[in-house]
Amino acid sequence: MKRGLIWTALLEAKGQPDGDYAETESAYVRGVVIAQSSDDAADLWKRGLDSMGFDLLSVDESRMITEEDQSHHEELHRLLVKAKRTRLPEFGAFNTWDNEDEE
């Protein structure tokens, strides 16, 4: 098996219609995964989110993690360490916001 590259992206997800999070708005979450390509990474994130009851809506800013990323972003570093250990996609905190303030 090839070693793989470490990918990160900002993911938009929404609770699946029949799941525990069906009534929630979409959320953004940082994803980290070991994969051969950005397409493989997106597929792994999709499957990982699906197993948690979420649908993947979009993948933004998909890129390989750099050494600078690892030393400057605490959450990214934590997710990276866990992804290396488990070989599974890892996700940060899910973030939403209230759009009523924009009216």
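Refer to the structure printed above.
About the criteria used
- Residues numbered from 1 in each chain as written.
- Predicted model: local features only at pLDDT ≥ 70, side-chain atom pairs only at ≥ 80, totals over all residues.
- Heavy atoms only, no water.
- Helix = DSSP H or I, 4+ residues; strand = E, 2+ residues; numbered from the N terminus.
- Buried < 20%, exposed > 50% of the residue type's maximum accessible area, 1.4 Å probe, protein only.
- Contact = heavy atoms within 4.5 Å.
- Pairing = 2+ DSSP bridges.
- Axes fitted to C-alpha atoms, helices over the stretch in contact; angles between N-to-C directions.
- Phe/Tyr/Trp six-rings, centres within 6.5 Å; stacked < 30°, edge-to-face > 60°.
- Salt bridge = Lys/Arg side-chain N within 4 Å of Asp/Glu carboxyl O.

For the rest of this paragraph, the subject is the overall build of the protein. Summing up its helical and strand segments, the protein has three helices and four strands in all. Starting at the N terminus and walking to the C terminus, you meet the elements of the protein as β-β-α-β-α-α-β. Burial analysis of the protein (103 residues in total) assigns 32% to the buried set. Considering only contacts within the protein whose residues lie at least 6 apart along the sequence, 70% involve residues at least 24 apart.

Through backbone hydrogen bonds, the strands of a sheet pair up, either in parallel or in antiparallel fashion. Across the sheet, four strands lie side by side as β3-β1-β2-β4; this open sheet has antiparallel pairing. Because the sheet does not close on itself, it has two edges, and the strands there are β3 (54-64) and β4 (90-91). Together, β1 (5-15), β2 (27-35) and β4 form the strand contacts of helix α3 (residues 74-86), whose direction differs from that of β2 by roughly 40°.

Summed over the entire model, instances satisfying the criterion amount to one aromatic pair. Seen from their ring centres, F54 and F94 are 4.8 Å apart, and the 25° between their planes marks the pair as stacked. With F54 in strand β3 and F94 in the segment after β4, this pair connects stretches of sequence that are 40 residues apart. Judged by relative accessible area, F54 falls into the buried class, the value being 9%.

By the definition in use, this model includes three salt bridges. For R47, the salt bridge identified is with D43, shortest N-O distance 3.0 Å. Here R47 pairs with D43, and both are found in helix α1 (residues 38-51), just four residues apart, close to one helical turn. A salt bridge links E75 to R78; the shortest N-O distance between them is 3.8 Å. Taken together, the residues span about one helical turn, with E75 and R78 both in helix α3 at a distance of three residues. When its relative accessible area of 31% is taken as the criterion, E75 is described as partly exposed. Taking the relative accessible area as the measure of exposure, R78 reaches 47% and is therefore partly exposed.

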